[in-house]
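# An overview of the molecular structure
Residue-level listing of the chains:
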Amino acid sequence: MTVLVFTLILFAGAYAAGLIGSLTGLGGGVVIIPLLSVFLGIDIHYAIGAALVSVIATSSGSAAAYVREGITNMRIGMFLEIATTVGAVVGALLATVAPTHLIAVLFGAILIFSAMNSLRKKDVHVLETSSPLATKLKLYGSYPTAQGTVHYGTKNVIGGFLMMIVAGVLSGLLGIGSGALKVIAMDNIMRIPFKVSTTTSNFMMGVTATASAVVYLQRGYIQPGICMPVVIGVLLGALTGARILIRSSPGKLKLFFAIVITLLALQMIYNGATGRI
Amino acid sequence: MENVKDKDLQYIIGNLLRWGVWTSLGIAFIGGLIYLSRHGQEVVYYPKFVETDRDMLTILKEMLQGIGAGRGRDIILLGIMLLFATPISRVLFSLVGFILEKDRLYVCITLIVLMIIFISVRGGLG
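Computed from a prediction, not measured in an experiment: that's the story for all the values here.

Okay, the UniProt feature "transmembrane region" (unreviewed entry) in chain A next. Residue and element names in this part refer to chain A. With numbering matched to this structure, UniProt assigns "transmembrane region" (unreviewed entry) to residues 44–67, 79–112, 161–184, 196–216, 222–246 and 253–270. Across residues 161–184, the secondary structure splits into 83% helix and 0% strand, with the terminal C-alpha atoms separated by 11 Å. The span residues 196–216 is 100% helical and 0% strand by assignment, and the distance between its end C-alpha atoms comes to 30 Å.

This is the structure in structure tokens:
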């Protein structure tokens, strides 16, 4: 295969990954890794490096819009970034010593968990008053909705913080945004409204992924020739996905992709367990 | 008053993120075209992953030399570096914002985040 053909295949695969990642809400990084490692036989280390770079691009790109609309809570994001960046650096260091097949199996498991989680019904809740610690840390805010400005508080700061460390470690170890875990930490544990949780999670991903990406770069995981088509492809795919989501809410499509992703994840676990990755 | 400053900060950070992403990808794309025009017809060869241990300064120095020599891969790397710089400069802008708002708690929190990033740039204590 020539470099040109290889690059075009990578670009097409990355576009599909960005599209599926955006439609399912899983993020492009989590879809591109099995695509590169299972189908194209690229060493999982390079796949993880490229995925991390694409996570930075897509999350920063989409965070831009939400920040300007005032939905993202920058204080909550900044506070929890202490947890995710520490986790991310630890995760990136673990990735350099962890055996490859273990990474593949863990990745598959997280992928299945995220796919299932994306199908879960979300309950809408707004916490009126914050816990004392949350008040001290100014972890409250307001965001615009169609019915006017909604004020919200938070609680369980320590639980959310610990969960964010786990999210950071997995992000650094597996090269993903780990959006599902971040949203669980904010929405389920800290009781932050879902919309604020998802947008703030997105906002945090750029810094979290960068914290581990610079470690990856120094260890040689990041190959410019692989990264270029992957990052551009994932970003364009994600933009297309966002356009589709504005027009329709693809319930059935989401289920279909969740199944596809689960199969991909099982293949990855199988490859990992049998030592083929 | 505080709210007005928050809004300004949101606007600046939103634009920073957007421009950061598009500029870095634009540069990476140009680098990609140069890379493909030079090596497009060669056979793909990515040997099994070998871990390296190069510090950031060496990587930057080699990248600049490569760009001077018109190497596509190093121009792509420049784009990737700018992409890394985007969220980091977002944190720096937040720091300025919190300083202007005299929010000492969040100035401290932001400094902690910056310190962690600095540690990872230095190779993560390794």
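Here we take up the nonpolar core. Core analysis: the largest hydrophobic core is formed by 79 residues, its most contacted members being Ile32, Ile33, Ile222 and Val230 of chain A together with Phe84 of chain B. The biggest single contributor to this core is helix H3 (residues 44–69) of chain A, with 11 residues. Excluding residues within four positions of it along the chain, Phe84 of chain B makes contact with Val53, Ile56, Thr210, Ala213, Val214, Leu217 and Ile222 of chain A. With 34 residues, the next largest nonpolar core counts Met78, Leu139, Met186 and Val207 of chain A among its residues.

Counted according to the given criterion, the structure contains 5 aromatic pairs over all chains. For the pair Phe98 of chain B and Tyr106 of chain B, a centre-to-centre distance of 5.4 Å together with 45° between the ring planes defines the contact as tilted. No difference in accessibility class separates Phe98 of chain B from Tyr106 of chain B, as the two residues are buried. Lying over the aromatic face of Tyr106 of chain B, Arg75 of chain A brings its terminal NZ or CZ to 5.4 Å of the ring centre. Geometry around Phe203 of chain A places Arg90 of chain B over its ring, the cationic atom sitting 3.8 Å from the centre.

Taken together, the contacts link 65 residues of chain B with 60 residues of chain A. Where chain B abuts chain A, roughly 5,400 Å² becomes buried across the two surfaces, and 71% of that area is made up of carbon and sulfur atoms. Taken as a group, Tyr46, Phe49 and Phe84 of chain B account for 13% of the area that chain B buries against chain A, more than any other trio of residues on that side. Linking chain B with chain A are 4 salt bridges, by the criterion used here. The salt bridge partner of Arg90 of chain B is Glu81 of chain A, with a shortest N-O separation of 2.7 Å. In this structure, the connection of chain B to chain A is made through 17 residue pairs in polar contact (both at pLDDT 80 or more). Residue contributions to the side of chain B that touches chain A peak at 19 residues, all from helix H1 (residues 2–39) of chain B. When the residues that make up the side of chain B that touches chain A are grouped by side-chain class, the tally is 37 nonpolar, 14 polar and 14 charged.

Rules of the game
- Starting from 1, residues in each chain are numbered consecutively following that chain's sequence as written.
- Going through the entries in the order they are written, you letter the chains from A and number the ligands from 1.
- In keeping with the model being predicted, local features are shown solely for residues with a pLDDT of at least 70 and side-chain atom pairs are shown and tallied solely at 80 or more, while totals for entire chains, interfaces and linings include all residues.
- Hydrogens are left out, water is left out, and the side-chain values use all remaining heavy atoms of the structure.
- UniProt positions are given in the numbering used here, feature names are shortened, and annotations may be inferred rather than shown by experiment.
- Where helices and strands are cited, they refer to DSSP runs of H or I of at least four residues and of E of at least two residues respectively, numbered from the N terminus.
- Throughout this description, the term nonpolar core refers to a set of buried Ala, Val, Leu, Ile, Met, Phe, Trp, Tyr and Cys residues connected via side-chain atoms within 4.5 Å.
- The rule is simple: take the accessible area with a 1.4 Å probe, protein chains only, and divide by the maximum for that residue type; under 20% is buried, over 50% is exposed, in between is partly exposed.
- Contact criterion: two residues are considered in contact whenever any of their non-hydrogen atoms come within 4.5 Å of each other.
- When two rings of Phe, Tyr or Trp (its six-membered ring) have centres within 6.5 Å they constitute a pair, described as stacked for plane angles under 30 degrees, edge-to-face for angles over 60, and tilted for the intermediate range.
- Note on geometry: a ring has a charge over it if NZ (lysine) or CZ (arginine) is within 6 Å of the ring centre and within 35 degrees of the ring normal.
- Buried area adds together the accessible area that both of two parts lose upon being put together, with accessible area traced by a 1.4 Å probe.
- Here, a salt bridge means any side-chain nitrogen of Lys or Arg that lies within 4 Å of a carboxyl oxygen of Asp or Glu.
- Side-chain atoms alone can form a polar contact between residues adjacent in sequence; in general such a contact is a pair of N or O atoms within 3.5 Å, and within protein one must be able to donate a hydrogen while the other accepts it.
- Under this grouping Gly is polar, as are all residues other than the nonpolar Ala, Val, Leu, Ile, Met, Phe, Trp, Tyr, Cys and Pro and the charged Asp, Glu, Lys and Arg.

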